[in-house]
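Structural overview
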Amino acid sequence: GYTQEEMLTLHTWDWNVDLDEAKTRAAFPDIGSVQARFQARHQRKDGSVLDVEVSAAGTMLGDDPAVITIVSDITDRLATERALDEHRARLDAIFRQAGDGIVLIKLPELTFSEFNEAAYEGLGYRREEFAQLTLRDIAPSANTRELERRMEQLKLSGRLDFEVCHRAKDGSTR
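Residues numbered from 1 in each chain as written. Predicted model: local features only at pLDDT ≥ 70, side-chain atom pairs only at ≥ 80, totals over all residues. Heavy atoms only, no water.

Grouped together as the largest cluster of nonpolar side chains are 15 residues, with contacts concentrated most on F112, F130, L135 and I138. Of all elements in the fold, only β5 (111-115), α5 (117-121), α7 (135-138) and α8 (144-157) reach the threshold of two or more residues within this core. (Core = buried A, V, L, I, M, F, W, Y, C linked by side-chain atoms within 4.5 Å. Buried < 20%, exposed > 50% of the residue type's maximum accessible area, 1.4 Å probe, protein only. Helix = DSSP H or I, 4+ residues; strand = E, 2+ residues; numbered from the N terminus.)

Now the structure itself:
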């Protein structure tokens, strides 16, 4: 909200919420050689605060050292990242705490890229053992052609529901 004339009378520490003059001078003792990219919080003229990313490059203007900065408002991006992190944490909790086994299968190898405790404990395996298995190891009744057909269906529709018997570590099927 500052005018250009007002900005020319201010210093970095006048709007940087986290750095006063002493901290700014300590962080950038030789402004002519600054090469930095960092996040900061800046205060607008009305007192509101925004998150910014600052790219700063030192230079010389005649005999005087100076810093050229590009400041980008990243408030919305950081809010989106926080919301995404919270969403991922909720999904991770659901995945980990589910009573049913959940397995993410990497195609075309049919290896397990991720799985929850219920997946390996329900079949009598330790996590390390289960990580070495493939879908073919625990679903022996599914022939290769049938697995390939189902995986193709999964790729096309984005989801797939089917029942299959799994072989447990002790050889039994469930």
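Continuing now.
Here we have 3 strands laid out as an open sheet, ordered β1-β2-β3, and antiparallel in their pairing. Edge positions in the sheet fall to β1 (35-43) and β3 (64-73), since each of these pairs with one other strand and no more. Taken over all neighbouring pairs, the strand axes of this sheet differ in orientation by 35° on average, direction set aside. As judged from the 9 bridges shared by β1 and strand β2 (residues 49-61), these two strands associate in the antiparallel manner. Across the sheet, residue H42 finds its bridge partner in β2, namely L50. Against the sheet, helix α4 (residues 75-97) makes contact with β1, β2 and β3, and its axis sits at roughly 130° relative to β2, the strand it touches most. (Pairing = 2+ DSSP bridges. Axes fitted to C-alpha atoms, helices over the stretch in contact; angles between N-to-C directions. Contact = heavy atoms within 4.5 Å.)

We now examine unusual backbone geometry. Phi at L110 takes a positive value of approximately 65°, unusual for a residue other than glycine. Along the polypeptide, L110 turns up in the loop between β4 (103-106) and β5. In this structure L110 comes out as buried when scored by relative accessible area, which is 2%.

Two elements, β4 and β5, share 4 bridges in a ladder whose sense is antiparallel. Pairing of V103 across the sheet is with F115, part of β5. Here β4 folds back onto β5, and the loop between the two strands holds 4 residues, one of which, L110, carries a positive phi near 65°.

Turning next to the layout of surface pockets. By volume, the largest pocket is sized at about 840 Å³. If you go around the largest pocket, you meet 27 residues; those closest to its centre are H11, T12, W13, W15 and T69. The set of elements that each furnish at least two residues to the lining of the largest pocket consists of α2 (12-15), α3 (21-27), β1, β2 and β3. Among the elements that make up the lining of the largest pocket, the one with the highest residue count is β3 (4 residues). Partitioned by chemical class, the residues of the lining of the largest pocket number 17 nonpolar, 8 polar and 2 charged. (1 Å grid on protein atoms, 1.4 Å probe; cavity = no way out; pocket = protein on both sides within 12 Å on 5 of 7 lines; lining within 4 Å. Points joined across faces, edges and corners; volume = space filled by probe spheres on them. Nonpolar A, V, L, I, M, F, W, Y, C, P; charged D, E, K, R; others polar.)

Overall, the coordinates contain 14 salt bridges when judged by the stated rule. Among the charged side chains, a salt-bridge network with shared partners connects R126, E128, E129 and K169. (Salt bridge = Lys/Arg side-chain N within 4 Å of Asp/Glu carboxyl O.)

So, about the pairing of β2. The hairpin formed by β1 and β2 contains 5 residues between the paired strands, and G47 there has a positive phi angle of roughly 95°. Across 10 bridges, the pairing between β2 and β3 is antiparallel. Looking at β3, one finds that L61 is bridged to D64. Once β2 ends, the chain turns through 2 residues before running back antiparallel as β3, passing G62 with a positive phi of about 70°.

Under the criterion given, the structure shown has 5 aromatic pairs. Between F115 and Y120 the ring centres are 5.9 Å apart and the planes differ by 85°, which places this aromatic pair in the edge-to-face class. For the pair shown, F115 and Y120 are each scored as buried. When the ring of Y125 is compared with that of F130, the centres are 6.0 Å apart and the planes differ by 55°; the resulting orientation is tilted. The pair Y125 / F130 is uniform in exposure class, with both members buried. (Phe/Tyr/Trp six-rings, centres within 6.5 Å; stacked < 30°, edge-to-face > 60°.)

Geometric values such as these leave the question of function open.
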